[in-house]
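Read off the chains here:
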Amino acid sequence: MLKIKSWYFDVFAGACGIGIALGMVRFDFGILGRMMVDSGWITPAGIGDLAAINMTGYLLGCFHQSQLKNHPSVVKILMVSLLLINISLWLESIPFGFLSQAICRLICGWGAAHLVIALPGLALTKVPARMKRNCTAIIMSGGGIGALVAALAIGNLSNQAFWAWVVLSISATLFSVPVLMLLLGYRTRFNQNADLSFSGVQPTDSPQWRNLVLTVLVILGFVFMQVGQVPIVLYEPILAFKKLGLDAGMSSDSQSLFGLGLTLGAIITALVPRTIPTRLLLPLVSLFGLLGGVMFWQSSSEMIFFLSVCIVGFWDMSTGTLTYDRLGQFSQSHQHRHLWAMATMLGGIGFIIFSSSTAQLVDKHLNLILMVGSIVIAFQFIVEIFQIGFRGNQKMIAD
């Protein structure tokens, strides 16, 4: 019987799971999409279409996760998600056609949503309250580490779509081992003790109007972040090639810098003292996002381009980490997972709408897409400024 002896391992395994769900399933698709285009598997517009399908699966996974009502069900669906993600990634290495890629992208999105929504709460179950934000950041840093590791491996070990998918699949399989150990350990614990603090659905009173307004503002800020990142996450390899003339190898390097930015965003967030409130950090990191978005849009040299990609990665992961922590500050433990599911679901809808509507414009109107992305990030900053004035009901350290 497997026993989890320390919450340090829980946090490590949670980071590995987020590395698969965000870093490998989602963020690394930009460089893989470019290689698929170069190999003749899909057209440039197909990158946006497949990304939208992936986010559709993510949206379905968010909804499914929000309906789960007990601990064993959550753990079992996480195990199924982990298995299906690995199978789908391996199948994506085989060029059966657009339909097979679409099905695999849909399944990967569904599984990734379950991991992103439920795994952090599971990994934080035994973490002391004063360490929650720090450990949340460490767990979320897995998204950056996963993207960085896979992008570096793809860039150094492969220059064709087939081998790129194989490298990504091997990376995901290795990252899955500690996640599976975590899930097996908690499946046993939850079967023995149904009263553990990891949240299920319980009846709650309606939130007060201040908490309701705060919920809307925090979730809306996260949604704007999800939409604003679309041009960078999806079309970075195309911009690198069209505007700067970078080859696929240099595009892989820029994706590695994005992964580095993601990792730094989570790690720096983890190091920020709790005396600095999360509600003040959210607008600050959104300014970094706006800076990175404008730099990316106006890139005129390789240095500005690479720097902007790293800054955007920092903003992306910092916002996600801080949003998750902020939602937990004014909700009971059994509400937190569902608020996070709602935020990621709405963010997924925004991502789908933006990526689908711009997929056919990327060849001729790339600059317009980049400009709209920067405007969306500016709206995020405005929303994050408004949420500063709302503290919520629960007494939190420095918040």
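First things first, this report covers the structure right here in the doc. (Residues numbered from 1 in each chain as written. Predicted model: local features only at pLDDT ≥ 70, side-chain atom pairs only at ≥ 80, totals over all residues. Heavy atoms only, no water.)

Let's talk about the pattern of salt bridges
Pairs can form between side chains of opposite charge once their charged atoms are near each other. Scanning all chains against the criterion turns up three salt bridges. For Arg 105, the salt bridge identified is with Glu 92, shortest N-O distance 2.9 Å. Of this pair, Arg 105 sits in helix α5 (residues 98-123) while Glu 92 sits in the loop between α4 (71-91) and α5, and the two are 13 residues apart along the sequence. Here Arg 105 matches Glu 92 in class, with each residue buried. Between Asp 325 and Arg 274 there is a salt bridge; the shortest N-O distance is 3.5 Å. Within this pair, whereas Asp 325 is found in helix α12 (residues 302-329), its partner Arg 274 is found in the loop between α10 (248-271) and α11 (278-297), the two being separated by 51 residues in sequence. The exposure classification of Asp 325 matches that of Arg 274, with both residues buried. (Salt bridge = Lys/Arg side-chain N within 4 Å of Asp/Glu carboxyl O. Helix = DSSP H or I, 4+ residues; strand = E, 2+ residues; numbered from the N terminus. Buried < 20%, exposed > 50% of the residue type's maximum accessible area, 1.4 Å probe, protein only.)

Here's the deal with α4
Taking 1.5 Å of rise per residue, the 21 residues of α4 would be expected to cover 30 Å, and the 31 Å separating its terminal C-alpha atoms lies within 8% of that figure. Buried within α4 are the following residues: His 71, Val 74, Val 75, Ile 77, Leu 78, Met 79, Ser 81, Leu 82, Ile 85, Asn 86, Ser 88 and Leu 89. (Expected span 1.5 Å × (residues − 1).)

Details of the packing of helix α8 (residues 209-228) against helix α14 (residues 366-387)
α14 packs onto α8 with a crossing angle of 160° between their chain directions and a minimal axis gap of 8 Å. One finds that α8 runs roughly antiparallel with respect to α14. Regarding α8 and α14, the two cross each other, and that crossing is left-handed. Contacts from Leu 214, Leu 217, Val 218, Leu 220, Gly 221, Phe 224, Met 225, Val 227 and Gly 228 of α8 reach α14 at Gly 373, Val 376, Ile 377, Phe 379, Gln 380, Val 383, Glu 384, Phe 386 and Gln 387. Here the residues of the contact of α8 with α14 sort into twelve nonpolar, five polar and one charged. (Axes fitted to C-alpha atoms, helices over the stretch in contact; angles between N-to-C directions. Parallel < 35°, antiparallel > 145°, perpendicular 65-115°, else oblique. Left-handed = near helix turned anticlockwise from the far one by under 90°. Contact = heavy atoms within 4.5 Å. Nonpolar A, V, L, I, M, F, W, Y, C, P; charged D, E, K, R; others polar.)

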